[in-house]
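For reference, the chains in residue letters:
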Amino acid sequence: MAQYQRIAQIIKNKPVGELIEIRGWLRTRRDSKGFSFLEVNDGSCLANIQIVADDTLANYADEILRLSTGCSVKISGLLAQSPAKGQDIEIQARRVEVVGWADPETYPLQKKRHSFEFLREIAHLRPRSNSLGAVTRVRSALSFAVHCFFNERGFCQIHTPIITTSDCEGAGEMFTVTTLDLNNLAQTNGRPDFEKDFFGRQASLTVSGQLEAEIYCQAMGNVYTFGPTFRAENSNTSRHLAEFWMIEPEMAFCDLNQDIEVAQAFIKYLVQYALDNCAEDLALFSKFVDKDLAAKLEMVVNNDFARITYSEAVDRLQHAEKLFAFPVEWGSDLQSEHERYLTEEVFKRPLIVTDYPKTIKPFYMRVNDDNKTVAAMDILVPGIGEIIGGSQREERLEVLINRIQELGLNQPDYEWYLDLRRYGSVPHAGFGLGFERIIQFVTGMANIREVIPFPRTPGSAAL
Ligand code: 4AD
Ligand code: MG
């Protein structure tokens, strides 16, 4: 009996002389006199395995010679050293079973390279391409690495809710979740009657698990959440999604400096993990997507990040030789062009910007002694801009109440959050890493739509 094995394992262990079975999808078929070469991929790694199928096989003439790109097959045979150039092992087929045919007239994925835009139109088939398959493996590896990082440091994972009734970021970018009949909407004073809704109040998809993570932080010490977040933000850029995954650690007895240290160690850990575990896939990106990728990743693991305050950043930008589309003045948010100029052209490495004006940041950030800025930090990386946003949280009850009033928020909605400051309040801090943005950084992919299996963006939600 042939033993079923994944191609990645076969390439690693090279069980020459063993009878093995592989299962996968045909990439190409080339015919020679008396036999055919089949290239099969099973998703376990970038490399295909070569199969030599000769014309003594019972179904050679009526099946094997009709195999085309995309067909699914089960093949068993002897693993042998390959005499030909290009691969060191091959399978000498004893049996080729066609599991599913793929009509070559209509199958959209041919051997040639397709543009990423075209691949996006076939979201259900694109994971079979080399590049999207490689992204998928890197994403899976880094998801695992996220849990390793926090587990090694004793953090507790918290599953924060996806449906929520609090707007963490206060940016009004929430998707409402409702079962109200939209064709016959119950209304009071011209507004939807959410009291009649499923939860008896207006509920939304979460924009961040932070506030709920803070609750658990102030019981468990160090916690993190890693889940999908949703933003109804009308940004059609190469770095924005309406549904993205975010990793948010929250640490008790922790200030902004310690927060920054964890954030920096975390980014380095993920990049190092990819270098150690995804070398073959990264080599593909270096070759076809971003020639400078390897140098960029090495630079991140080998250097400390630069650090400046927001005020220093504004100063640098105002004195820059470069013309920006958006003017820079103290008090306005940094635009992506500013962030990229600082990290790509001025510092040429990841950059931590701290102490932003309180007027452009959410209510929960700790107010600095100048009463103008907050203990916030963003981490910017070349090619992308902001990859992490974080802060020390306001742990002082009075100051927090002031902030809530200053921003015109409805205080009763935040009583539970204030309770955490009334009962055993501790300094604490955390941050959010956009998972797709780190995948973009590690793979060099220009567009965020390529690093999530099913991108959701304004006007688009295929499948
Ligand atoms: O800076 P943000 O909005 O911070 C928060 O949500 C905080 N609650 C985090 C915390 O302190 N626990 O978002 C954090 C990160 C950004 O730096 C960015 O990497 C990513 O989330 N992000 C997005 N990624 C893709 N598409 C979007 N629309 C994103 N918005 C933010
Ligand atoms: Mg931010």
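To be clear, the structure that these remarks concern was listed above.
In this text, all values refer to a predicted model and were calculated from it rather than measured experimentally.

Engineer: Explain the overall build of the protein residue by residue, including any values.
Structural biologist: From N to C terminus, the protein includes 12 helices and 19 strands. Counting every position in the protein, which comprises 463 residues, the buried fraction comes to 52%. In the protein, 66% of the contacts between residues at least 6 apart in sequence involve partners at least 24 apart. Roughly 22300 Å² of accessible area belongs to the protein as shown, and the carbon and sulfur atoms make up 50% of that amount.

Engineer: Outline the packing of aromatic side chains, listing residues and values.
Structural biologist: This structure, assessed with the given rule, holds 19 aromatic pairs. Centre to centre, the rings of phenylalanine 149 and phenylalanine 150 are 5.0 Å apart; their planes meet at 90°, and the pair counts as edge-to-face. This pair shows no difference in class: phenylalanine 149 is buried, exactly as phenylalanine 150 is. Seen from their ring centres, phenylalanine 150 and tyrosine 224 are 4.5 Å apart, and the 20° between their planes marks the pair as stacked. Remark: tyrosine 224 occurs in strand β13 (residues 222–230) and phenylalanine 150 occurs in helix α3 (residues 130–152); sequence separation between them is 74 residues. For the pair phenylalanine 150 and tyrosine 224, one class covers both residues: buried. Three or more aromatic residues joined by ring pairs make a cluster, and in this case those are Phe149, Phe150, Phe155, Tyr224, Phe266, Tyr269 and Phe431. Its end group placed over the ring of tyrosine 4, arginine 23 keeps NZ or CZ at 3.8 Å from the ring centre. The positively charged end of lysine 361 is found above the aromatic ring belonging to tyrosine 356, 4.3 Å away from the centroid.

Engineer: Before we move on, could you go through the sheet that holds strand β19 (residues 428–434) and cite the residues and values that matter?
Structural biologist: Here eight strands make up an open sheet; going across it, the order is β7-β13-β14-β19-β18-β17-β16-β15 and the pairing mixed. The strands lining the two open edges of the sheet, one partner per strand, are β7 (156–157) and β15 (306–309). For strand β16 (residues 351–354) and strand β17 (residues 376–381), the ladder comprises four bridges, and the chain directions are antiparallel. Paired with threonine 354 across the strands is methionine 377, a residue of β17. Running over the sheet, helix α5 (residues 256–277) touches β14 (243–252), β15, β16, β17, β18 (385–392) and β19 and is turned about 30° from β19.

Engineer: So, helix α4 (residues 210–220): which residues are in play, and what are the values?
Structural biologist: Among all positions in α4, only Gln210, Leu211, Glu212, Ala213, Glu214, Cys217 and Gln218 are buried. In this fold, the buried residues of α4 make contact with β8 (163–164), β13, β14, α11 (415–422) and β19.

Engineer: Got a sec to walk through the packing of α5 against helix α7 (residues 293–302)? Specific residues and values, please.
Structural biologist: Close contact between α5 and α7 brings their axes to 9 Å; oriented N to C, the two are set at 135°. Between α5 and α7, the interaxial angle falls into the category oblique. As for the relative orientation of α5 and α7, their crossing is left-handed in sense. Of α7, the residues touching α5 (which contributes Ile267, Lys268, Val271, Gln272 and Leu275) are Leu297, Glu298, Val300 and Val301. Taken together, the residues that form the contact of α5 with α7 break down as six nonpolar, one polar and two charged.

Engineer: Account for the sheet that holds strand β12 (residues 203–205), with residues named and values stated.
Structural biologist: Here we have three strands laid out as an open sheet, ordered β8-β12-β9, and antiparallel in their pairing. In the strand order of this sheet, the two ends are held by β8 and β9 (176–177), each with one partner. With two bridges joining them, β8 and β12 adopt antiparallel strand pairing. Note that in β12 the partner of threonine 164 across the bridge is serine 204.

Engineer: Describe in detail a nonpolar patch on the surface, supporting the description with residues and values.
Structural biologist: A cluster of nonpolar side chains, Ile162, Ile163, Phe198 and Phe199, forms an exposed patch at the surface whose accessible area comes to about 400 Å². Among the secondary structure elements, isoleucine 163 is positioned in strand β8. Judged by relative accessible area, isoleucine 163 falls into the partly exposed class, the value being 39%.

Engineer: A description of the site of ligand 1 should follow, citing residues and the corresponding values.
Structural biologist: The environment of ligand 1 is formed by 25 residues, the closest being Glu169, Gln210, Arg231, Glu248 and Glu386. Note that an oxygen atom of ligand 1 is positioned 2.9 Å from one of the side-chain N or O atoms of arginine 393. Relative to its unbound accessible surface of 620 Å², ligand 1 loses 93% to contact with the protein. Among the elements of the structure, β14, β18 and β19 are those that each provide at least two residues to the shell around ligand 1. At five residues, β18 tops the list of elements feeding residues into the shell around ligand 1.

Engineer: I'd love a proper account of the pattern of salt bridges, names of residues and values included.
Structural biologist: On inspection of all chains with the given rule, the structure shows 24 salt bridges. Between lysine 14 and aspartate 88 there is a salt bridge; the shortest N-O distance is 3.8 Å. On the criterion of sequence distance, the pair formed by lysine 14 in the loop between α1 (7–13) and β2 (19–32) and aspartate 88 in the loop between β5 (72–81) and β6 (89–100) is long-range, its members being 74 residues apart. Salt-bridge contacts for glutamate 394 lead to arginine 396; the nearest nitrogen and oxygen are separated by 2.7 Å. Put simply, Arg120, Arg126 and Glu450 are held in one network by salt bridges that share partners.

Reading the values: rules and limits
Residues numbered from 1 in each chain as written. Chains lettered and ligands numbered in written order. Predicted model: local features only at pLDDT ≥ 70, side-chain atom pairs only at ≥ 80, totals over all residues. Heavy atoms only, no water. Helix = DSSP H or I, 4+ residues; strand = E, 2+ residues; numbered from the N terminus. Buried < 20%, exposed > 50% of the residue type's maximum accessible area, 1.4 Å probe, protein only. Contact = heavy atoms within 4.5 Å. Areas by Shrake-Rupley, 256 points an atom, 1.4 Å probe, with all protein chains shown as cover. Phe/Tyr/Trp six-rings, centres within 6.5 Å; stacked < 30°, edge-to-face > 60°. Lys NZ or Arg CZ within 6 Å of the ring centre and 35° of its normal. Pairing = 2+ DSSP bridges. Axes fitted to C-alpha atoms, helices over the stretch in contact; angles between N-to-C directions. Parallel < 35°, antiparallel > 145°, perpendicular 65-115°, else oblique. Left-handed = near helix turned anticlockwise from the far one by under 90°. Nonpolar A, V, L, I, M, F, W, Y, C, P; charged D, E, K, R; others polar. Patch = residues over 30% accessible without salt bridge, like charges linked within 9 Å, V, L, I, M, F, W, Y side chains within 5 Å. Salt bridge = Lys/Arg side-chain N within 4 Å of Asp/Glu carboxyl O. Near = heavy atom within 4 Å. Polar contact = N/O pair within 3.5 Å; in protein donor to acceptor, adjacent residues only side chain to side chain.

Remember that the coordinates give geometry; whether it matters functionally is a separate question.
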